[in-house]
Amino acid sequence: MLTFILPAVVVIVFTLPLVKVFKGKVSKDSAKHRLALHVSGFFGAVALVLFMSLSSSPVFAAEASIAGTLAQGLGFIAAALATGMSALGAGIAVASAAPAAIGAFSENSENFGRSLIFVALGEGVAIYGLLISILIINAL
């Protein structure tokens, strides 16, 4: 039960400073302060986890048997980066293509098919990244 509650509390604590920012109920200076608090809290938590893992804490005293090589670990990182970066690129492509497609469609309804193709091409980048990550994982 503690393994579920503790991470949930940590996530809630890290997201609380940004709730009013997302709702748009704060000023610009307050939003900057809340964002700085959020970023510093995140890096503080990362530093705490690194310190605890390097110390002789009884929490990390149990030996875990992790089977795998360095090449497999790098392969999993490569698969994650392929998926993540391609999704990020697809998001950027769709964010710029979709408003242009809506504008073209609003001026002339015959442009719907042409504009939809450009939006779908941006989404194809994410599919290609997912395909590459599946091929990388299958090679491991």
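Bear in mind that the values here come from a model prediction, so they are computed numbers and not experimental data. (Residues numbered from 1 in each chain as written. Predicted model: local features only at pLDDT ≥ 70, side-chain atom pairs only at ≥ 80, totals over all residues. Heavy atoms only, no water.)

(A) Quick look at helix α4 (residues 70-107). Compared with the 56 Å implied by 1.5 Å per residue over 38 residues, the 55 Å span of α4 between its first and last C-alpha is a close match. Looking at α4, one finds that the buried residues are G75, A79, A82, S86, A90, V94, A97 and A101. In the core, the buried residues of α4 are packed alongside α5 (112-139). (Helix = DSSP H or I, 4+ residues; strand = E, 2+ residues; numbered from the N terminus. Expected span 1.5 Å × (residues − 1). Buried < 20%, exposed > 50% of the residue type's maximum accessible area, 1.4 Å probe, protein only. Contact = heavy atoms within 4.5 Å.)

(B) Region of interest: the side chain of S133. Take S133: it is sitting in helix α5. A residue is classified by how much of its surface remains accessible, and S133, at 4% relative accessible area, is buried. Ignoring sequence-local partners within four residues, the contact set of S133 consists of A79, A82 and T83.

(C) Looking closely at the UniProt feature "transmembrane region" (unreviewed entry) in the protein chain. In the numbering used here, UniProt assigns the feature "transmembrane region" (unreviewed entry) to residues 6-23, 35-54, 74-104 and 116-137. Annotated as 100% helix and 0% strand, the span residues 35-54 places its first and last C-alpha atoms 29 Å apart. For residues 74-104, the helix share is 100%, the strand share is 0%, and the end-to-end C-alpha distance is 44 Å. (UniProt positions renumbered as here; feature names shortened; annotations may be inferred.)

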